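What follows is the residue order along each chain.
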Amino acid sequence: MRDFRFLWTGRAVSLLGSWLLVVAVPAHMYALTGSVFATGLTLAAEYLPALLLGPMAGVLVDRWDRRRVMIAADVFRAGAVAVMLIGTPAAIYVAVIAESVGAVVFRPAAQAHVPAVVGTGRALSSANSWNAATDGVVRLVGPPLGGVLLAWAGFEVLIGLDVASYLVSAVAIACTRRRSSEKTGRAGLKAGLKALGELKLARTLLPLTGVFLAANAALSALLVPFGVRILGGSTQVGMVLSALGVGFLAGAVAVRWLDRVQLRTVLAGAQLGTAGGFAVLFGAQELGIAMIAAVVIGAFGSITVVAPQTALQRVADNEYLGRISAVFLAVEALATLIGAIVGPWVAESVSLSFAAMGAAVITAVGALVGAVTVPRVMLAPKRSNEQADSHA
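The text that follows walks through the structure, step by step, so that each part is easy to find. From a predicted model like this one, the values you see are computed outputs, not experimental measurements.

The rules behind these values
Residues numbered from 1 in each chain as written. Predicted model: local features only at pLDDT ≥ 70, side-chain atom pairs only at ≥ 80, totals over all residues. Heavy atoms only, no water. Helix = DSSP H or I, 4+ residues; strand = E, 2+ residues; numbered from the N terminus. Buried < 20%, exposed > 50% of the residue type's maximum accessible area, 1.4 Å probe, protein only. Areas by Shrake-Rupley, 256 points an atom, 1.4 Å probe, with all protein chains shown as cover. Phe/Tyr/Trp six-rings, centres within 6.5 Å; stacked < 30°, edge-to-face > 60°. Lys NZ or Arg CZ within 6 Å of the ring centre and 35° of its normal. Patch = residues over 30% accessible without salt bridge, like charges linked within 9 Å, V, L, I, M, F, W, Y side chains within 5 Å. Salt bridge = Lys/Arg side-chain N within 4 Å of Asp/Glu carboxyl O. Axes fitted to C-alpha atoms, helices over the stretch in contact; angles between N-to-C directions. Parallel < 35°, antiparallel > 145°, perpendicular 65-115°, else oblique. Left-handed = near helix turned anticlockwise from the far one by under 90°. Contact = heavy atoms within 4.5 Å. Polar contact = N/O pair within 3.5 Å; in protein donor to acceptor, adjacent residues only side chain to side chain.

**A few points about the overall build of the chain**
For step 1, the next point in the chain: Of the regular secondary structure elements, the chain holds 14 helices and 0 strands.
For step 2, the next point in the chain: Taken from N to C terminus, the helices and strands of the chain fall in the order α-α-α-α-α-α-α-α-α-α-α-α-α-α.
For step 3, the next point in the chain: Among the 392 residues that make up the chain, the fraction classed as buried is 55%.
For step 4, the next point in the chain: When the accessible surface of the chain is summed, it comes to about 15,800 Å², and 68% of that surface belongs to carbon and sulfur atoms.

Structure, rendered in structure tokens:
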């Protein structure tokens, strides 16, 4: 439909701008400081605002017009990224934090807005699949393009492109219509937490998601230093991230056919596959093996992200979905903050290999726990929220 096409276009453009910096920002920080720990802190800084502000952002998202919230967040993020042009480590940290503040508001608004635009039936699976496929394409194109532009044009050009991408996204969202089906009100965080607590599926997924994301953040924080030390440099890191994009694209296609499979089976299998892929990646000495492992990680990682998101969008009342999404994003922030700090710290205290393999083992253990504890629900659409929750 028309509005989803505009939403998808804006998201795709802004994602591309952001992924141009995925290698450039940590690589630039590593070049400035020469520290693995300082490089990992760029990821930690990105998630700090979500940890501190996430739940309250969800309250605002459910009270305000979500379309306007997303437009304002994009404009704010464009200004925040521009601060990186100062070029110092402190300015980069400040810019990353400020950009993340905008994302804290944008992400729950977007997650709550999509079901209001496309509904909660099969179209929702297709919409989330399209978004995941977009992630895959952007991951494929963005990192190597960012690496090339970093080497040929410089850090400042990449910053300018990311600023422009946020402004394009704001214009695209402005072309959509306000949805009368979205309810706004004065209910606060307590009501949102109560709604989350009444969903057994959400209660179970929340801690499992935190464990998975903490381990994943540790591995992500180690990827750039690993690529520079072992694989040969930032260009090789970009190629590995592109391979992740290929995997994300494949996983996005596969997840559309998993609606009739139990969620616990999907998640356990996907997380085990992710753990195995990371073990191979960080044990690799050659770029080819690392890229194959990255494809596996991307495919299973895509399924791990999309499947629970779709299930929650279907069973949760849209009136509370912004707050529920924000709580999950806050847990994501806490988990990522812990992983981004602990992973590099263990790498410098013991070894990079030990830190990476430890995180992979934690991911595998979390998958086995999820196989037992996640409720026996199917990913297929339910006739009503009440029916869906009764099966949870």
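**Examining the environment of Met357**
For step 1, the next point in the chain: Looking at the secondary structure, you find Met357 in helix α13 (residues 352–373).
For step 2, the next point in the chain: Separated by 82 residues in sequence, Met357 and Ala275 place their C-alpha atoms 9.0 Å apart.

**A short note on the packing of aromatic side chains**
By convention here, two paired aromatic rings are described through the distance between centres and the angle between planes.
For step 1, the next point in the chain: Under the counting rule described, the total for this entry stands at 2 aromatic pairs.
For step 2, the next point in the chain: Judged by centre distance (5.0 Å) and plane angle (55°), the rings of Phe226 and Phe282 are tilted. Within this pair, whereas Phe226 is found in helix α8 (residues 200–231), its partner Phe282 is found in helix α10 (residues 263–283), the two being separated by 56 residues in sequence.
For step 3, the next point in the chain: Since its relative accessible area comes to 3%, Phe226 is described here as buried.
For step 4, the next point in the chain: Over the ring of Phe106 we find Arg77, and its NZ or CZ is 4.5 Å from the ring centre.

**Things to note about a nonpolar patch on the surface**
For step 1, the next point in the chain: On the surface, a cluster of nonpolar side chains totalling about 520 Å² of accessible area is made up of Phe37, Leu334, Ile338, Ile341, Val342 and Trp345.
For step 2, the next point in the chain: Of all the elements, helix α12 (residues 318–349) adds the most residues to the nonpolar patch, at 5 residues.
For step 3, the next point in the chain: Tracing the sequence through the fold places Phe37 in helix α2 (residues 36–63).

**With respect to the packing of α8 against α10**
A pair of packed helices can be characterised by two numbers: the angle between their axes and the separation between those axes.
For step 1, the next point in the chain: Two elements in contact, α8 and α10, have axes separated by 12 Å at closest approach and are oriented at 15°. Between α8 and α10, the angle falls in the class roughly parallel. With respect to the hand of their crossing, α8 and α10 are arranged in left-handed fashion. Contacts from Leu201, Leu205, Phe212, Asn216, Leu219, Leu222, Leu223 and Phe226 of α8 reach α10 at Leu263, Leu267, Gln271, Thr274, Phe278, Leu281 and Phe282.

**Focus on the side chain of Ser169**
For step 1, the next point in the chain: You can see Ser169 is positioned in helix α6 (residues 155–174).
For step 2, the next point in the chain: Of the residues examined, Ser169 reaches a relative accessible area of 1% and is grouped as buried.
For step 3, the next point in the chain: Here the side chain of Ser169 touches Asp74 through a polar contact of 2.6 Å, side chain to side chain.
For step 4, the next point in the chain: Setting aside its immediate chain neighbours within four residues, Ser169 contacts Gly10, Arg11, Ser14 and Asp74.

**Observations regarding the pattern of salt bridges**
For step 1, the next point in the chain: All chains considered together, the criterion is met by 2 salt bridges.
For step 2, the next point in the chain: For Asp65, the salt bridge is made with Arg68, and the minimal N-O distance between the two is 3.8 Å.
For step 3, the next point in the chain: You can call Asp65 buried: its relative accessible area is 12%.
For step 4, the next point in the chain: Notably, a salt bridge pairs Arg77 with Asp74, separated by 2.7 Å at the nearest N-O pair.

**Some details on the environment of Leu124**
For step 1, the next point in the chain: For Leu124, the location among the structural elements is in helix α5 (residues 122–152).
For step 2, the next point in the chain: Expressed as a C-alpha distance, the spacing of Leu124 and Arg314, which sit 190 residues apart in the sequence, is 8.5 Å.
For step 3, the next point in the chain: Beyond its immediate stretch of four places on either side in the chain, Leu124 contacts Val114, Pro115, Val118, Gly119, Thr310, Gln313 and Arg314.

**Topic: the environment of Gln111**
For step 1, the next point in the chain: Relative to the assigned elements, Gln111 resides in helix α4 (residues 89–118).
For step 2, the next point in the chain: For the pair Gln111 and Thr310, spaced 199 residues apart in the sequence, the C-alpha separation amounts to 9.6 Å.
For step 3, the next point in the chain: Apart from the residues lying within four places of it in its own chain, the contact partners of Gln111 are Gln309, Gln313, Leu321, Ser325 and Leu329.

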